[in-house]
Amino acid sequence: MNMKMSVAIEDATPVVDAEAVRFEFRDAMSRMAAAVNIVTSNGPGGLAGFAATAVCSVTDSPPTLLVCLNRSASVYPAVTANGVLCVNVLSDGHQDLSRLFGGKTPVEERFAAAAWSELATGSPVLEDALVSFDCRIVRRADVGTHDVLMCEVEAIRRRDDGHGLVYFDRDYHRAGPGKA
Ligand SMILES: NC(=O)c1ccc[n+]([C@@H]2O[C@H](COP(=O)([O-])OP(=O)(O)OC[C@H]3O[C@@H](n4cnc5c(N)ncnc54)[C@H](O)[C@@H]3O)[C@@H](O)[C@H]2O)c1
Ligand SMILES: Cc1cc2c(cc1C)N(C[C@H](O)[C@H](O)[C@H](O)COP(=O)(O)O)c1[nH]c(=O)[nH]c(=O)c1N2
């Protein structure tokens, strides 16, 4: 396969090495702030949960989110076998929980660090999440290293207090009230 690609970088020098392109892309992506979520799942494939920033709203009719999941992640077989997941949106103060769900930690250890309940699908719902979207995976596309999961929302739980947690420049930041 021809891996040659080119991207524009600051001095407009073309980058043609695939590894350099990947590095350049990630470095550029580090400048895109994103909400931090813990995506959970439970069912016949077992309990699973991972930190995710590649999550966004697709359509409100029917209410649908997309979640990008790396096929090499340890949680991948469980999430795809279960066919359901819950997107738990984190608040500031959840940094340690995010690190736990983003690292190479055993699944029991990840879930022992917080309190969980359930809504419609049986996926774990984080008790103090800003908002939780309990979803059924209705469609899947494999793109490069990731699966793009289209997730139809079956139940929502939210709280109105708290600040958001944003990942930016490879670190966690508070998203608070007040206009920019
Ligand atoms: N979409 C993702 O899969 C994703 C997103 C964020 C972080 N991560 C994981 O967390 C680690 C630490 O991330 P970091 O932000 O501190 O440093 P990093 O340099 O690895 O990543 C910078 C940015 O690039 C993007 N990115 C990273 N890995 C990616 C991947 N495999 N596919 C698509 N986009 C990706 C994300 O937007 C990330 O914030 C990464 O190495 C990766 O394993 C994965
Ligand atoms: C802030 C942040 C954001 C993300 C991640 C990490 C971190 C720290 N990770 C990586 C993901 O959480 C990690 O691969 C899983 O925890 C699985 O790791 P194990 O394979 O179980 O060790 C991640 N993975 C993924 O497939 N999609 C995503 O959107 C993200 N986003």
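Our structure is the block above this text.
Residues numbered from 1 in each chain as written. Chains lettered and ligands numbered in written order. Predicted model: local features only at pLDDT ≥ 70, side-chain atom pairs only at ≥ 80, totals over all residues. Heavy atoms only, no water.

**So, the side chain of Ser117**
At step 1: Note on placement: Ser117 falls in strand β7 (residues 116-117).
At step 2: At 3.0 Å, the side chain of Ser117 forms a polar contact with the side chain of Arg157.
At step 3: Ignoring any residue separated from it by four or fewer positions in sequence, one finds Ser117 in contact with Ser123, Pro124, Val125, Glu127 and Arg157. (Helix = DSSP H or I, 4+ residues; strand = E, 2+ residues; numbered from the N terminus. Polar contact = N/O pair within 3.5 Å; in protein donor to acceptor, adjacent residues only side chain to side chain. Contact = heavy atoms within 4.5 Å.)

**Details of the site of ligand 1**
At step 1: Around ligand 1, the neighbouring residues are Arg26, Met29, Ser30, Thr53, Ala54, Asn70, His146, Tyr167 and Arg170.
At step 2: The separation between an oxygen atom of ligand 1 and a polar side-chain atom of His146 is 2.7 Å.
At step 3: Under a 2 Å grid-point criterion requiring more than half of the atoms, the pocket assigned to ligand 1 is the largest pocket.
At step 4: Along the lines of polarity and charge, the residues of the shell around ligand 1 split into 3 nonpolar, 4 polar and 2 charged. (Near = heavy atom within 4 Å. 1 Å grid on protein atoms, 1.4 Å probe; cavity = no way out; pocket = protein on both sides within 12 Å on 5 of 7 lines; lining within 4 Å. Sits in = over half its atoms within 2 Å of the grid points. Nonpolar A, V, L, I, M, F, W, Y, C, P; charged D, E, K, R; others polar.)

**Thoughts on unusual backbone geometry**
Both trends apply: most residues other than glycine have a negative phi, and most peptide bonds are in trans.
At step 1: Residue Ser61 is joined to Pro62 through a cis peptide bond whose omega torsion reads -5°.
At step 2: Mapped onto the fold, Pro62 is located in the loop between β4 (55-60) and β5 (63-70).
At step 3: The phi torsion at Arg170 lies on the positive side, around 60°, for a residue other than glycine.
At step 4: Mapping Arg170 onto the fold places it in the loop between β11 (164-168) and β12 (171-175).

**Observations regarding the layout of surface pockets**
At step 1: In this structure, the largest pocket spans a volume of roughly 1,800 Å³.
At step 2: Considering the residues around the largest pocket, the lining is formed by 42 residues, among which Arg26, Thr53, Ala54, Asn70 and His146 are closest to the centre.
At step 3: Among the elements of the structure, α1 (18-29), β3 (48-52), β5, α3 (95-102) and β11 are those that each provide at least two residues to the lining of the largest pocket.
At step 4: The greatest single-element share of the lining of the largest pocket, amounting to 8 residues, is contributed by α1.
At step 5: Its residues assigned to classes, the lining of the largest pocket comprises 24 nonpolar, 11 polar and 7 charged.
At step 6: Each of two domains, domain 1 (1-31) and domain 2 (33-169), supplies a minimum of three residues to the lining of the largest pocket. (Points joined across faces, edges and corners; volume = space filled by probe spheres on them. Domains from an automatic or database assignment.)

**Quick look at the sheet that holds β11**
At step 1: Pairing is antiparallel in the open sheet, where 3 strands are placed in the order β1-β11-β12. Each edge of the open sheet carries a strand with a single partner, namely β1 (34-35) and β12.
At step 2: Of the pairings in the sheet, the one linking β1 to β11 comprises 2 bridges and is antiparallel in character. Directly across from Ala35, in β11, lies its bridge partner Val166. (Pairing = 2+ DSSP bridges.)

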